[in-house]
Amino acid sequence: GGEGGGGEGGGGDGSTKRLRTSGGAELRATLLRIDGRPYPAYNDIKDVEYDLGRFSAVVQHVQSDPFAPPSRCYVRVPLAHAAFPPECFSPPARETALRDWLTRRFHAAAKRAGVDQRSGEGGWHGPKGGELLVDLPGQHVLDRSSVIVDRSAAAAGLPGGGA
């Protein structure tokens, strides 16, 4: 991850690319403007850290067509807002357990909200995509790339880096 709220990149890929920062109003206006346009129009929301209050969101990669790899994004939550106790970070096994737990919580929340599946209709849940997914972890607690936690922020990135 990067520095909490400082406009640095991050989100699990190790990048420190400087991002332009903006707010939720600009994100909403841009999404309304590009809604229904071809896939390349969505590059307009790429590489901008959108401050949405208690968290920020970044789109790192935009899907170029319906058959291309999915868009990649992440959400950063400053640790001041996440309020994880310091004991969650030491020893390292506890941080691994925290990341695993957050991945499980994200999976459960996506399932509860119904955004984890495709439907036969068009739009967000269209037949060519629209799901918001993270693989359900198995019974073992493993180091995962879907959630990164450091001393400044927690970042959940989708899709993860294969772990």
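Criteria and cut-off values
- Residues numbered from 1 in each chain as written.
- Predicted model: local features only at pLDDT ≥ 70, side-chain atom pairs only at ≥ 80, totals over all residues.
- Heavy atoms only, no water.
- Helix = DSSP H or I, 4+ residues; strand = E, 2+ residues; numbered from the N terminus.
- Contact = heavy atoms within 4.5 Å.
- Buried < 20%, exposed > 50% of the residue type's maximum accessible area, 1.4 Å probe, protein only.
- Arc of directions from axis to C-beta.
- Pairing = 2+ DSSP bridges.
- Right-handed = clockwise from strand over helix to strand, strands pointing away.

Some words on the side chain of threonine 30
Point 1. Within the secondary structure, threonine 30 sits in helix H1 (residues 24-34).
Point 2. Ignoring sequence-local partners within four residues, the contact set of threonine 30 consists of Asp44 and Ile45.

A closer look at H1
An α-helix turns once per 3.6 residues; consequently, residues spaced three or four apart project the same way.
Point 1. Those residues of H1 lying buried are Leu27, Thr30 and Ile34. Taken end-on, H1 shows its buried residues confined to a sector of 70°, consistent with a single buried face. Exposed and facing more than 90 degrees away from the buried side of H1 are Ala25, Arg28 and Leu32.
Point 2. Where H1 is buried, its residues touch strand E1 (20-23) and strand E2 (48-51).
Point 3. A positive phi of about 85° marks glycine 36, the residue just after H1.

Points about the pairing of E1
Point 1. Pairing geometry for E1 and E2, over four bridges, is parallel. Counterpart to glycine 23 in the pairing with E2 is aspartate 51.
Point 2. Note on the crossover from E1 through H1 to E2: the handedness is right-handed.

The quantities given are spatial measurements derived from coordinates; they are silent on function.
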